[in-house]
Amino acid sequence: MATFDDVLVSIGGFGQYQKKIFFLVYLTSVVVSHVYIGFVFLGVTPDHWCRSPGVTELRNKCNWSLEQEKNYTLPLGRSGSSSYSQCERYDIDWNSSSVSCENPLLFVQNGSWDLPRTACQDGWVFENGSSSSIATEFNLVCANAWKLDLTQACLNLGFMVGTMILGYTADIFGRKRCFLFATFVTSVSGLLLAFSPSYIWLVIFRTLQGLFTRGGWLCANVLITELTVSEYRRRAGIANQLSFSFGIMLLPAIAYLLPAWRNLQLMITIPNFLFLSYYWLIPESPRWLISQKKDVEALKILRQVAKGNGNILSMKFKTITIEKNDEKVNCPSVMELVRTPQMRKHTFILMMNWFTSGLVYQGLVMHLGNLGGNIYLDVFISGAVEIPASIIIFLVIEQLGRRLPFAAGGLLSGGSCLVAAFVPERVIGLIAGSLVLFLPETKGLTLPHTIEDVENIRWQQPILHNVSVTCCMQNDVEVRRIEDKLPARGSTYNRNSQCQRHCFSEDCP
């Protein structure tokens, strides 16, 4: 009696048929990334300040600039910063006839600068040129800013619950059925989300999206891994992650062309309706069919796979089992994960790691809009850096397995976050400056011409000049990008960056 893997090997373990199915499923990964990361653009919060009744008319009458209007109507931000408060305004009746264009605050409390303040009772004014977003349309700023995070939290809650429910039902009703059903609900909820009349409906539709998006994606991934032999499943999983990363890189272009949040939501939802055509394009998992004793349907699909790969299913495979011992397949249960001490330990460790990875990834990616730079470029870079990471992981696990890279990745990412959070930028600059002392002096020296010269020169001449200069220039770009947010401290870092560029070929300035 042949096993399922024996049949796959004979008809093509990873042939053209499987590659076509994989490509179709990878397209869904691109769209799933838009659901997950799209909130960075859907909920972007532009600069805003309190709306003061009567100020617009007074501004037009007195020909004030926007800066003058803010200076007269808004207190400074926290800790006496140079920026104006976004959540408070002066409690002044600007419709009063006593207001002077030259010095409008003189009539208040006999000219005292201790002016009364109030919250933004009349709404907010958002920066000119800012596009419509969930934050601007539903006024999710200041005291209501937590509601913006709540919508994403509801999506993640849906991810958690939906993954458990659909993962269980896929073992009962099949991978393809659950995937198509989840895709249909995701499409409808995404469409309704784009036309949400209120914040409450927005949260409801966002939660529905989460309930079925991640679970449907999981069903599709299980389906493609069960269509190929075990030696190619690792590559299939990493390629799926690459598709997710490409989706992140594509999202900024879509958001740039369609900045209004409702239009953007429609655009990232429409492809889900196209995935319903997969009813005719992808098969059910033959492995699942065999586990449910539906051998006739499984053999029919396996013949399609063989034909697509240019092979023929041998007649000797009339009876197929999942494993060689042909043990009865038990009904799946969550209790299997905690039945034995070893399973409990492994389940706890993996759940803890998934929780931590999701928490860190969510925190880093979802706050890209708060960096203050170009949000489109920031999101693009966040997706681009995942591509070499996936390739490195693929190459490493081929040699070292999964456990060591898994642990090393967690330690490295966690350590990087701690350094970024607790080490002041001045300390980082001091460390970088100290490391320069380990570079060779280059004054009056010529560059090496051969590998032998490099090996013999050691500290007498610089090595790998072009590579070193390129690396320093890249670091300089990054430093400038960070320091653009801290103009008062930028001069020291800019000079150090220039010094790093020139230390390879001449004296530091």
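Up top you'll find the structure we're talking about.
What this report covers is the structure whose coordinates are included nearby. All figures in this text were calculated on a predicted structure; none of them were measured in a lab. (Residues numbered from 1 in each chain as written. Predicted model: local features only at pLDDT ≥ 70, side-chain atom pairs only at ≥ 80, totals over all residues. Heavy atoms only, no water.)

## So, the environment of Ser187
Following the sequence through the fold, Ser187 ends up in helix α8 (residues 175-194). When the C-alpha positions of Ser187 and Leu266 are compared, they lie 9.8 Å apart, and in sequence the two are 79 residues distant. For Ser187, the residues in contact, after removing those within four places along its chain, are Thr269, Asn272 and Phe273. (Helix = DSSP H or I, 4+ residues; strand = E, 2+ residues; numbered from the N terminus. Contact = heavy atoms within 4.5 Å.)

## Description of the side chain of Asn309
Locating Asn309 in the fold gives a position in the loop between α14 (295-308) and β6 (320-321). Residue classification places Asn309 among the buried residues on the basis of a relative accessible area of 16%. In terms of polar contacts, Asn309 uses its side chain to reach the backbone amide nitrogen of Gln16, at 2.9 Å. (Buried < 20%, exposed > 50% of the residue type's maximum accessible area, 1.4 Å probe, protein only. Polar contact = N/O pair within 3.5 Å; in protein donor to acceptor, adjacent residues only side chain to side chain.)

## Points about the packing of helix α10 (residues 230-257) against helix α16 (residues 375-384)
Between α10 and α16, the shortest axis-to-axis distance is 7 Å and the interhelical angle comes to 165°. The pairing of α10 with α16 is recorded here as roughly antiparallel in orientation. Crossing handedness for the pair α10 and α16: left-handed. Of α16, the residues touching α10 (which contributes Ser245, Ile248, Met249, Pro252, Ala255 and Tyr256) are Tyr376, Val379, Phe380, Ser382, Gly383 and Ala384. (Axes fitted to C-alpha atoms, helices over the stretch in contact; angles between N-to-C directions. Parallel < 35°, antiparallel > 145°, perpendicular 65-115°, else oblique. Left-handed = near helix turned anticlockwise from the far one by under 90°.)

## A look at the state of the cysteines
Two cysteines form a disulfide when their sulfur atoms are joined by a covalent bond. For the structure shown, the criterion picks out two disulfides. Each disulfide pairs two cysteine sulfurs, and for Cys50 the partner residue is Cys120, the sulfurs being separated by 1.7 Å. Here Cys50 and Cys120 share a disulfide; its torsion about the S-S bond, -55°, makes the bridge left-handed. Here Cys50 is found in strand β2 (residues 48-50), whereas its partner Cys120 is found in the loop between β4 (117-119) and β5 (124-126), with 70 residues between them in sequence. Covalent S-S linkage joins Cys87 and Cys142, the inter-sulfur distance amounting to 2.1 Å. The disulfide joining Cys87 to Cys142 has a torsion of about -95° about its S-S bond and is therefore left-handed. (Disulfide = S-S within 2.5 Å.)

## Some points on empty space enclosed by the protein
For the structure shown, the criterion picks out one cavity of 30 Å³ or more. By volume, the largest cavity is sized at about 110 Å³. Lining the largest cavity are 13 residues, with Val32, Phe179, Thr183, Thr213 and Asn272 sitting closest to its centre. For the lining of the largest cavity, the elements supplying multiple residues, two or more each, are α2 (16-37), α8 and α9 (199-225). Among the residues forming the lining of the largest cavity, the class breakdown is seven nonpolar, six polar and no charged. (1 Å grid on protein atoms, 1.4 Å probe; cavity = no way out; pocket = protein on both sides within 12 Å on 5 of 7 lines; lining within 4 Å. Points joined across faces, edges and corners; volume = space filled by probe spheres on them. Nonpolar A, V, L, I, M, F, W, Y, C, P; charged D, E, K, R; others polar.)

## Concerning the pattern of salt bridges
Taken as a whole, this structure holds seven salt bridges when the rule is applied. Note that Lys70 is salt-bridged to Asp47, the shortest N-O span being 4.0 Å. You can see Lys70 sitting in helix α5 (residues 66-73) and its partner Asp47 sitting in the loop between α3 (39-42) and β2, a full 23 residues away along the chain. Judged by its relative accessible area of 32%, Asp47 is partly exposed. The salt bridge partner of Glu137 is Arg262, with a shortest N-O separation of 2.4 Å. Of this pair, Glu137 sits in helix α6 (residues 134-137) while Arg262 is found in helix α11 (residues 261-274), placing the two residues 125 residues apart along the sequence. Of the residues examined, Arg262 reaches a relative accessible area of 23% and is grouped as partly exposed. Salt bridges linked by common partners bring Asp171, Arg175 and Glu226 together as one network. (Salt bridge = Lys/Arg side-chain N within 4 Å of Asp/Glu carboxyl O.)

## Details of the side chain of Thr151
Along the chain, Thr151 falls in helix α7 (residues 145-173). Given the relative accessible area of 1%, Thr151 is considered buried. Among residues more than four places away in sequence, those in contact with Thr151 are Phe39, Tyr199, Leu202, Val203 and Arg206.

## What to know about unusual backbone geometry
Of note, Cys142 is a non-glycine position whose phi angle comes to about 55°, a positive value. With respect to the element layout, Cys142 can be found in the loop between α6 and α7. Of the residues examined, Cys142 reaches a relative accessible area of 23% and is grouped as partly exposed. One non-glycine residue, Lys293, lies in the positive phi region at around 65°. By the secondary structure assignment, Lys293 is in the loop between α13 (286-291) and α14. The exposed category is assigned to Lys293, whose relative accessible area is 62%.

## Describing the nonpolar core
Core analysis: the biggest nonpolar cluster contains 40 residues, and Ile11, Ile21, Phe179, Tyr278, Leu302 and Leu313 have the highest contact counts within it. Of all the secondary-structure elements, those providing two or more residues to this core are α1 (4-11), α2, α7, α8, α9, α13 and α14. For this core, the element with the most residues is α2, which contributes seven residues. For Ile21, the residues in contact, after removing those within four places along its chain, are Leu223, Ile224, Leu227, Leu281, Ile282 and Pro283. Judged by nonpolar contacts, the second largest core, of 35 residues, contains Leu42, Phe138, Val365 and Met366. (Core = buried A, V, L, I, M, F, W, Y, C linked by side-chain atoms within 4.5 Å.)

Nothing here speaks to function; it is geometry throughout.
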